[in-house]
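# An overview of the molecular structure
The lines below spell out each chain.
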Amino acid sequence: MGNRTVGISETAKRPRAIRLGLIGVGTVGTGTLRVLKEHGAEIERRLGCRIELQRVCSRTIHDKDLSWFGQPIEITTDWKEVVGDPAIDIVIELVGELPTARAIAFAALDAGKHLVTANKQLVAEHGVELVERSRARRLSLGIEATVAGGTPILHAIREGLAGEHFDAVFGILNGTTNYILTEMERRGATFRTALAEAQQKGYAEPDPTFDVAGFDARYKIAILAMVCFGQAVPVKDIPTQGIQEIDQVDFAYARRLDRTVRLVGVARRQPRGRLEIFVRPLMIPRASQLASVHGPTNGIMLVGNKGGVTTLTGRGAGGEPTGVAVLSDVVEIARTLAAGGAGATPLGYAHWHPARIVSPDEDVVATYLRLVVRDRPGILARVCALLARHRINIDSVLQEPGMPQRHLPFVMTLEPTQEKRVAKAVREISRLSFLAQKPVLLRFADLP
Ligand SMILES: NC(=O)c1ccc[n+]([C@@H]2O[C@H](COP(=O)([O-])OP(=O)(O)OC[C@H]3O[C@@H](n4cnc5c(N)ncnc54)[C@H](OP(=O)(O)O)[C@@H]3O)[C@@H](O)[C@H]2O)c1
C-alpha cells in the first residue's frame, strides 16, 4: 500500500457547528464574549468547525449594549430558555451566585447539555455530584476557569501530568491577597493602604472578606486536592487563616530571615493515605519560586514523585483571561464531540474517596512569633520562661531598631515543635498584661 496524506476531515467526523448558550454577562461573561469575538475565527480554525453563539442570558440583558459583538445575539433574562433550547450544545454558566449556578448546572446536564462553569464554589462543593451526573449522561464538564482563572493548571494536572503521582501542591490562589502582600513587601505599604489600592484597581470587592480571610483560596485548594489526589474534601473542614493580621513589620523581619510572607493553599499527601490541607499565610524562603509571584498573579507549584517540581504562574482572574479558560473548555468539549466520545474526567480521577485530613495541630513545625508589647524591664524573661514551661526552644530573638516603646514589636523564631503546643503557649502569652496587641504566629515553610 502506497503512502498517502490523510486529511483531518477523513479521520474524524466533525460537527458542522457547536452552539453555545451563555448565562451571566458580568465580568467573566463579557470577557468570554470579547475573546470569542476576537479569537473566534482562530478557534474555529483549530477546531475545524464553527462556534455559534445561540443565546445569551443575564438578568439585566436589555440594559446591556452588546452591539460591539458585531453579530445579532438572541437575548433573554430567563436562564431556563437557554437550558431548554434544543439547538444548544454547550451551556456556559457564569452567574456567580451558588444557588442559581447550581440550579443552572444540574438543569443543563438533565437537559443533555455539555456544561462549562467558572464557579469554584459549585465545583468545590458539588464537583463529585456534577461529574457523576455528567458521566451518567455521557456529557462533558469544563471547569478550567474555577482555579487560577487564565492559568491552565487543571488541564496541566489532568492531561500533561496524568502519569505523575503528586506528593504535594502549593498555590498562591488569590490575586487580591497576593497584590496586598506584595505591595506591603515591595514598598512597606500598610495592609489598609494596599487593600484600598486593590479595591481602586478592581482587584478587591468593596467587602473584601471572601478574599482576605482566605475563603476564595479554600475553594480552590479543595478543587486542586480532588484533581491532584482524587480526594474529596469537605470545604468547611479545611483550616483557613487570612492575611488580616499581617503587618508591614512582618516583612521587615522576614527580610532579615531571608524570607517573605505569602498566602498559600497547601495540599500534601501524608502517610497512611491521609491528607494535609490548609490555607494560611506562610513564611517562605525568598529564593522559593512562589516568593517571586508578585501582584495579582497566581502561582501553583506541583511536586511530582518522578518529575519533581512543575510551576505554573499566570493571570488568576479578570474577564478576558478567565474567558480564555472558558473557551478552552469549549474547544476541548468540541474536540471530544468530534471524536464521538463523552467528556474526559474533569476532576482528574474516575473515582474519588473522602479525604482523611490530618489535623495541622499535630504537625511539628518551626514558627515565627511576633509580639507587640508596652516595653518595660523583664518582658523577654517572662515570655522565655513561659515558652520553656511548654518545652519550646527559641531559635532567635529579633528586634528592629527605632520602634515606639509603647507599641514595640519584636519577633521570636521557635524551633520545630508540635503546633498545638506552640498555640497553647501563645494563648497564655496573649493574656500577659504588657501585650499591646494579639500575638501573630506564622509557620515557616521550606518550599522549593
Ligand atoms: N471575576 C473573575 O475574575 C473571575 C475569575 C475566575 C472565576 N470567576 C467566577 O466566574 C463566575 C462569574 O463571575 P463574575 O465576576 O463574572 O460575576 P459578575 O460580574 O457578578 O457577573 C455575574 C452575572 O450573572 C448574572 N446573573 C446573576 N444571576 C442571574 C440569574 N438568575 N439569571 C441570569 N443572569 C444572572 C448577572 O446579571 P446582571 O448583570 O444582568 O444583573 C451578571 O451579569 C463566578 O462564579 C466567579 O467566581 C470569576
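This one's a predicted model, so the numbers in the text were calculated from it and none came from an experiment.

The rules behind each value
Residues numbered from 1 in each chain as written. Predicted model: local features only at pLDDT ≥ 70, side-chain atom pairs only at ≥ 80, totals over all residues. Heavy atoms only, no water. Helix = DSSP H or I, 4+ residues; strand = E, 2+ residues; numbered from the N terminus. Buried < 20%, exposed > 50% of the residue type's maximum accessible area, 1.4 Å probe, protein only. Contact = heavy atoms within 4.5 Å. Areas by Shrake-Rupley, 256 points an atom, 1.4 Å probe, with all protein chains shown as cover. Lys, Arg positive; Asp, Glu negative; His and termini not counted. Charge placed at Lys NZ, Arg CZ, Asp CG, Glu CD. Axes fitted to C-alpha atoms, helices over the stretch in contact; angles between N-to-C directions. Parallel < 35°, antiparallel > 145°, perpendicular 65-115°, else oblique. Left-handed = near helix turned anticlockwise from the far one by under 90°. Nonpolar A, V, L, I, M, F, W, Y, C, P; charged D, E, K, R; others polar. Pairing = 2+ DSSP bridges. Near = heavy atom within 4 Å. Polar contact = N/O pair within 3.5 Å; in protein donor to acceptor, adjacent residues only side chain to side chain. Core = buried A, V, L, I, M, F, W, Y, C linked by side-chain atoms within 4.5 Å. pLDDT = per-residue confidence, 0-100. Phe/Tyr/Trp six-rings, centres within 6.5 Å; stacked < 30°, edge-to-face > 60°. Lys NZ or Arg CZ within 6 Å of the ring centre and 35° of its normal.

## Focus on the overall build of the chain
- Of regular secondary structure, the chain possesses 14 helices and 17 strands.
- Projected onto the principal axes, the alpha-carbon positions of the chain cover approximately 85 × 55 × 40 Å.
- By the burial criterion, 52% of the 448 residues in the chain qualify as buried.
- Counting contacts in the chain only where the partners sit at least 6 residues apart, residues at least 24 apart contribute 74% of the total.
- Accessible area for the chain stands at about 19900 Å²; split by element, carbon and sulfur atoms hold 49% of it.
- Looking at charge distribution, the chain has the averaged site of its 57 positive side-chain charges lying 4 Å from that of its 48 negative ones.

## As for the packing of helix H7 (residues 175-187) against helix H8 (residues 191-200)
- Closest axis-to-axis distance for the H7/H8 pair is 9 Å, and the angle between their directions is 125°. Accordingly, the angle class assigned to the pair H7 and H8 is oblique. In the crossing of H7 with H8, the sense of the turn from one axis to the other is right-handed. Contacts between H7 and H8 involve Tyr-179, Ile-180, Glu-183, Met-184 and Arg-187 from the first element and Phe-191, Ala-194, Leu-195, Glu-197 and Ala-198 from the second.
- Among the residues forming the contact of H7 with H8, the class breakdown is 7 nonpolar, no polar and 3 charged.

## Details of the sheet that holds strand E16 (residues 408-418)
- Taken in spatial order, the 9 strands line up as E12-E11-E7-E9-E10-E17-E14-E16-E15 in an open sheet, and their pairing is mixed. Each edge of the open sheet is held by one strand with a lone partner, namely strand E12 (308-315) and strand E15 (394-398). The sheet shows a mean angle of 25° between the axes of neighbouring strands, direction not considered.
- With 8 bridges joining them, strand E11 (residues 297-304) and E12 adopt antiparallel strand pairing. Bridge pairing in E12 links Gly-304 to Gly-308.
- Where H7 meets the sheet, it contacts strand E7 (166-172), strand E9 (259-270) and E11, and its direction lies at approximately 140° from that of E9.
- Those strands touched by helix H13 (residues 379-389) are strand E14 (364-373), E15 and E16, and its axis lies near 15° from that of E16.

## Thoughts on the site of the ligand
- Close to the ligand lie 21 residues, the nearest being Val-28, Ser-58, Thr-60, Lys-64 and Gly-318.
- One nitrogen or oxygen atom from the main chain of Thr-27 is found 2.9 Å from an oxygen atom belonging to the ligand.
- Within the contact set of the ligand, an oxygen atom lies 2.8 Å away from a backbone nitrogen or oxygen of Val-28.
- Look at the ligand: alone it shows 900 Å² of surface, and the protein chains cover 79% of it.
- Looking at the shell around the ligand, its residues break down into 8 nonpolar, 10 polar and 3 charged.

## Considerations on the side chain of Gln-54
- Structurally, Gln-54 can be placed in strand E2 (residues 50-57).
- Of the residues examined, Gln-54 reaches a relative accessible area of 19% and is grouped as buried.
- Residues in contact with Gln-54, not counting those within four places in the same chain, are Arg-19, Leu-20, Glu-74, Asp-85, Ala-87 and Ile-88.

## Digging into the nonpolar core
- In terms of nonpolar packing, the biggest core is built from 80 residues, with Ile-153, Val-169, Ile-180, Ile-221 and Leu-224 touching the most fellow members.
- Per-element tally for this core: the top contributor is helix H10 (residues 215-229), with 11 residues.
- Counting residues in each nonpolar core, the second largest holds 30 residues, with Leu-33, Phe-69, Val-330 and Ile-333 among its members.

## Concerning the pairing of E7
- A large share of E7 lies buried, amounting to 6 of its 7 residues.
- Pairing geometry for E7 and E11, over 6 bridges, is antiparallel. Bridge pairing in E11 links Gly-171 to Ile-300.
- Taken together, the 4 bridges between E7 and E9 define a ladder with antiparallel strand orientation. Pairing of Val-169 across the sheet is with Ala-267, part of E9.

## What about the confidence of the model for the chain?
- Mean pLDDT over the chain: 93, with 96% of residues reaching 70 or higher.
- Here residues 1-11 scores under 50 on pLDDT; set against residues more than four positions off or in separate chains, the count is 4 contacts.

## Description of the packing of aromatic side chains
- For the structure on display, the rule yields 3 aromatic pairs.
- Consider the rings of Trp-68 and Phe-69, whose centres lie 6.2 Å apart with planes at 75°: the pair is edge-to-face.
- Since its relative accessible area comes to 23%, Trp-68 is described here as partly exposed.
- For Phe-69, a relative accessible area of 6% translates into the label buried.
- The ring of Trp-79 carries Lys-80 above its face, with NZ or CZ at 5.0 Å from the centroid.

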